[in-house]
Amino acid sequence: MKKLGLVTVLYKSDDVLQGFIKSLSIQTYRNCLLYFVDNSVNDASTQLLYNILSQYPNVSFKYLPQQGNTGVAAGNNAGIKVALQDECDYVLLLNNDIEIEQDNLLEQMICKAEDSKESIIVPKILFYDTRKIWMAGGYMDHCRALGVHYGMNKSNEGNYNIETHISYAPTCFMLLSKQVFEKTGLMDEQYFAYYDDTDFVLRALKKGFTMLYMPSQVILHKVSSSAGINSAFYVYYSNRNKLYFIRKHYKGFKRAWLIAYSLVSRCVFWFNYDKQRKQKLIQGLKDGFALKVNS
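These numbers were taken from a predicted model, which means no experiment stands behind them.

1. A look at the pairing of strand S9 (residues 146-149)
Next, step 1: Here strand S8 (residues 138-141) pairs with S9 via four bridges, running antiparallel. In the strand pairing of S9, Gly138 is matched with His149.
Next, step 2: Linking S8 to S9, which pair antiparallel, is a turn of four residues; within it Ala145 sits at a positive phi near 50°.

2. Brief notes about unusual backbone geometry
Next, step 1: Here the phi dihedral of Glu87 falls at roughly 65°; this positive angle occurs in a residue that is not glycine.
Next, step 2: The residue Glu87 is located in the loop between helix H3 (72-85) and strand S4 (90-94) in this model.
Next, step 3: Of note in the backbone geometry, Tyr195 takes a positive phi value of approximately 70° without being a glycine.
Next, step 4: With relative accessibility at 11%, the residue Tyr195 sits in the buried group.

3. Some thoughts on the pairing of strand S11 (residues 173-177)
Next, step 1: Most of S11 sits out of view: five of its five residues are buried.
Next, step 2: In this structure, S4 lies alongside S11, joined through five bridges in antiparallel fashion. Residue Tyr90 lies in a different strand from S11, and its bridge partner there is Ser177.
Next, step 3: As paired elements, strand S6 (residues 120-127) and S11 share two bridges and run antiparallel to each other. The residue of S11 that forms the bridge with Ile121 is Leu175.

4. Observations regarding H3
Next, step 1: Under the 1.5 Å per step criterion, the end-to-end length of H3 is 20 Å for 14 residues, consistent within 8% with the ideal 20 Å.
Next, step 2: Within H3 the residues assigned to the buried category are Ala73, Ala74, Gly75, Asn76, Asn77, Ala78, Gly79, Ile80, Val82 and Ala83.

5. A few points about the nonpolar core
Next, step 1: Ranked by size, the top nonpolar core spans 71 residues in total, and within it Leu4, Leu6, Ile21, Phe36, Phe173 and Leu175 carry the most contacts.
Next, step 2: By size, the runner-up hydrophobic cluster in this structure holds 18 residues, among which are Tyr168, Tyr191, Leu243 and Leu291.

6. Quick look at the packing of aromatic side chains
How two aromatic rings sit relative to each other is set out by the distance from centre to centre and by the angle between their planes.
Next, step 1: This structure, assessed with the given rule, holds 17 aromatic pairs.
Next, step 2: Measuring from ring centre to ring centre gives 4.7 Å for Tyr236 and Tyr237, while their planes differ by 85°; the resulting arrangement is edge-to-face.
Next, step 3: Ring pairs connect the aromatic residues Phe192, Tyr194, Phe233, Tyr234, Tyr236 and Tyr237, which therefore count as one cluster.
Next, step 4: When the ring centre of Phe209 is taken as reference, the NZ or CZ atom of Lys183 above it lies at 5.3 Å.

7. What to know about helix H6 (residues 196-206)
Next, step 1: With nine of its 11 residues buried, H6 lies for the most part within the structure.
Next, step 2: Two residues or fewer after H6 comes Gly208, characterised by a positive phi angle close to 105°.

8. Re the pattern of salt bridges
Next, step 1: Throughout the structure, instances matching the rule amount to nine salt bridges.
Next, step 2: With a shortest N-O distance of 2.8 Å, Glu99 and Lys222 are connected by a salt bridge. Separated by 123 residues along the polypeptide, Glu99 in strand S5 (residues 98-100) and Lys222 in the loop between strand S12 (211-221) and helix H7 (232-249) bring together distant segments of the chain.
Next, step 3: When its relative accessible area of 16% is taken as the criterion, Glu99 is described as buried.
Next, step 4: In this structure, Asp188 engages Lys248 in a salt bridge whose closest nitrogen and oxygen atoms are separated by 2.8 Å. Separated by 60 residues along the polypeptide, Asp188 in the loop between helix H5 (178-184) and H6 and Lys248 in helix H7 bring together distant segments of the chain. Lys248 shares its class with Asp188; the two are buried.
Next, step 5: One network of salt bridges, with partners in common, ties together Asp188, Asp199, Arg203 and Lys248.

9. Focus: the packing of H6 against H7
Next, step 1: The N-to-C vectors of H6 and H7 enclose an angle of 20°; their axes lie 11 Å apart at closest approach. Between H6 and H7, the angle is such that the two are roughly parallel. Handedness of the crossing formed by H6 with H7: right-handed. Where H6 approaches H7, its residues Thr198, Asp199, Leu202, Arg203 and Lys206 are matched on the opposing element by Phe245, Lys248 and His249.
Next, step 2: The residue inventory of the contact of H6 with H7, partitioned by class, reads two nonpolar, two polar and four charged.

Cut-offs used in this document
Residues numbered from 1 in each chain as written. Predicted model: local features only at pLDDT ≥ 70, side-chain atom pairs only at ≥ 80, totals over all residues. Heavy atoms only, no water. Pairing = 2+ DSSP bridges. Helix = DSSP H or I, 4+ residues; strand = E, 2+ residues; numbered from the N terminus. Buried < 20%, exposed > 50% of the residue type's maximum accessible area, 1.4 Å probe, protein only. Expected span 1.5 Å × (residues − 1). Core = buried A, V, L, I, M, F, W, Y, C linked by side-chain atoms within 4.5 Å. Phe/Tyr/Trp six-rings, centres within 6.5 Å; stacked < 30°, edge-to-face > 60°. Lys NZ or Arg CZ within 6 Å of the ring centre and 35° of its normal. Salt bridge = Lys/Arg side-chain N within 4 Å of Asp/Glu carboxyl O. Axes fitted to C-alpha atoms, helices over the stretch in contact; angles between N-to-C directions. Parallel < 35°, antiparallel > 145°, perpendicular 65-115°, else oblique. Left-handed = near helix turned anticlockwise from the far one by under 90°. Contact = heavy atoms within 4.5 Å. Nonpolar A, V, L, I, M, F, W, Y, C, P; charged D, E, K, R; others polar.

Below is the structure:
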């Protein structure tokens, strides 16, 4: 039985941990180890984590406290490194604001990876509250330098149920073979949060890997429970990182077009923001040009 490492980054995650850990406790696949990478270490949260885990003794885990908030990319890397050192054959990157109702989801994903020699697999993802589709696979829109979700906000009534290879998906629930990291490397930590998964997936596909959308497996996602939708944090990092992503992956006329398009489209957003978000937007754009591009 292949060994699976599940890597999740904690950041003010107290409210979602009970449902998250309970979901993993019901899984039939047992040769797995859960890595909690804690980016918001404090005594109360740590005690809460251990109290919840004590309710589910079948969940094997390692607790990896970090020195402050190192970001999602660096947090994932910290967990991935330990999982690979522990000789995990597969690594599952997953948010802790998700819940799973199928008890054999992990087992089915591992079986698919082994039987079909798939290196990257993602499930269908629904909004936790409405049960509408959040992501049913996706594609990379190179005309906007944007990862696009199929099926966003559509009802989950038999739609998007065909297994297929896709060119984009977020890493909020993504199964990866260890070979992906061996050939692609780790996450680019300069992103901190947002676009780090877009960058990683694009690099992996350029290395020749394919990514399978597996709609028979479904998870529920409490979207943006930590950062908030359209928060000042999101405005800064999403805009900074979009420019960094463009500068890193595109050349010549395509790069010039994407930068121009991004700046013009940001002007529309700027008029709808309050003072704080306007400041974060401007600072994010400045810093997006200033970041040194990693090869």
